[in-house]
Amino acid sequence: AIVVIAIIAAALVGWNAWRSSLVARPENMQSAATGTKPIIGEQTIRVGGTAVLPQYRGAPIDALSTDEILKLLTAEQKERYLGELQRLAKQLKENPGDFSSWLQAASLKNFFNDYAGSRDIWEHVAQLVPEDPTAHLNLGTLYTWNLADYPRAERNFKKVIELAPSHAQGYVRLAELYRLFWTEKKNEAPKILLEGLQKAPRDRDLLLALANTYKDA
């Protein structure tokens, strides 16, 4: 009981820091498993010695499906952000295996509340680099917070755990999905976090998430 109380106290102090860690930031968009950007060319199918990448079939990269945030921007800001999307679209047309540009495009669309467009890109990135958990982590978060598709969120978070079993955020966000959104599965949250602590026993995010789970029980 004393241990649980101590963990809960730590959680209350670090709650804001933990929540902010759940937000994917453009400057931190790297491989969640290794901290390095994967090399797309090494993870493609080769036919007759030529690398063949999956074809992007989502919404246009250089367009937004919503203009809610654009209404709040100055003309200069609109030109800059939309110009950046156009630049990324051109870059990806020339080099469809540019992992960094895909991440930037998805992040920009997400910023402008173009969640469907962001989803399309993340789904494509998951095909480009199937062994990297980055896209699945972001898809899970998108499906949880913005698209309210909890089965798809669960599937993506479980894929993160499968691909990177020592990566805490897969467990943390899956437990958060159960605890805050898909409450029919709320009782599964502690089990998921304890499973994560077996892989990363000293991880602060896992301990804080477990403390909040106990606090809500």
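Conventions we followed
- Residues numbered from 1 in each chain as written.
- Predicted model: local features only at pLDDT ≥ 70, side-chain atom pairs only at ≥ 80, totals over all residues.
- Heavy atoms only, no water.
- Helix = DSSP H or I, 4+ residues; strand = E, 2+ residues; numbered from the N terminus.
- Buried < 20%, exposed > 50% of the residue type's maximum accessible area, 1.4 Å probe, protein only.
- Phe/Tyr/Trp six-rings, centres within 6.5 Å; stacked < 30°, edge-to-face > 60°.
- Lys NZ or Arg CZ within 6 Å of the ring centre and 35° of its normal.
- Core = buried A, V, L, I, M, F, W, Y, C linked by side-chain atoms within 4.5 Å.
- Contact = heavy atoms within 4.5 Å.
- Salt bridge = Lys/Arg side-chain N within 4 Å of Asp/Glu carboxyl O.
- Expected span 1.5 Å × (residues − 1).
- pLDDT = per-residue confidence, 0-100.

Here's the deal with the overall build of the protein chain
Then comes step 1: Counting its secondary structure elements, the protein chain contains nine helices and two strands.
Then comes step 2: Written out in order from the N terminus, the α and β elements of the protein chain read α-β-β-α-α-α-α-α-α-α-α.
Then comes step 3: Expressed as a percentage of its 217 residues, the buried residues of the protein chain come to 42%.

Here's the deal with the packing of aromatic side chains
Then comes step 1: Under the counting rule described, the total for this entry stands at eight aromatic pairs.
Then comes step 2: An angle of 85 degrees between the planes, with centres 5.1 Å apart, marks the rings of Phe-111 and Phe-112 as edge-to-face.
Then comes step 3: A residue is classified by how much of its surface remains accessible, and Phe-111, at 45% relative accessible area, is partly exposed.
Then comes step 4: A residue is classified by how much of its surface remains accessible, and Phe-112, at 0% relative accessible area, is buried.
Then comes step 5: Three or more aromatic residues joined by ring pairs form one cluster here, namely Trp-145, Tyr-150, Tyr-178, Phe-181 and Trp-182.
Then comes step 6: Directly above the ring of Tyr-81 sits Arg-80, whose terminal nitrogen or CZ lies 5.0 Å from the centroid.
Then comes step 7: The positively charged end of Lys-185 is found above the aromatic ring belonging to Trp-182, 4.2 Å away from the centroid.

Observations regarding the nonpolar core
Then comes step 1: Within the largest apolar cluster, 46 residues are counted, with the highest numbers of intra-cluster contacts made by Trp-102, Val-125 and Leu-206.
Then comes step 2: When residues in this core are grouped by element, the largest group, seven residues, is from helix α7 (residues 168-181).
Then comes step 3: In this structure Val-125 touches Phe-99, Trp-102 and Ala-135, once residues within four positions along its chain are discounted.

What to know about the pattern of salt bridges
Then comes step 1: For the structure shown, the criterion picks out nine salt bridges.
Then comes step 2: Lys-215 is the partner of Asp-216 in a salt bridge, and the nearest nitrogen-oxygen pair spans 3.7 Å.
Then comes step 3: For Lys-215, a relative accessible area of 38% translates into the label partly exposed.
Then comes step 4: Taken together, the salt bridges that share partners define one network made up of Glu-154, Lys-158 and Lys-185.

Structural notes on α7
Within an α-helix, residues lying three or four positions from one another point in the same direction, as the helix has 3.6 residues per turn.
Then comes step 1: The terminal C-alpha atoms of α7 lie 19 Å apart, and with 14 residues this matches the ideal 20 Å at 1.5 Å per residue to within 8%.
Then comes step 2: With respect to burial, α7 is a largely interior element, 12 of its 14 residues being buried.
Then comes step 3: Along α7, the residues classified as buried are Ala-168, Gln-169, Gly-170, Tyr-171, Val-172, Arg-173, Leu-174, Ala-175, Glu-176, Leu-177, Tyr-178 and Arg-179.

Re the confidence of the model for the protein chain
Then comes step 1: Mean pLDDT over the protein chain stands at 80; residues scoring 70 or higher make up 76%.
Then comes step 2: At the level of individual helices and strands, the protein chain shows its lowest average pLDDT in helix α1 (residues 2-20), which scores 36, and its highest in helix α6 (residues 150-163), which scores 98.
Then comes step 3: Residue range residues 1-49 is modelled with pLDDT below 50. Its contacts to residues more than four positions away, or to other chains, number 78 contacts.

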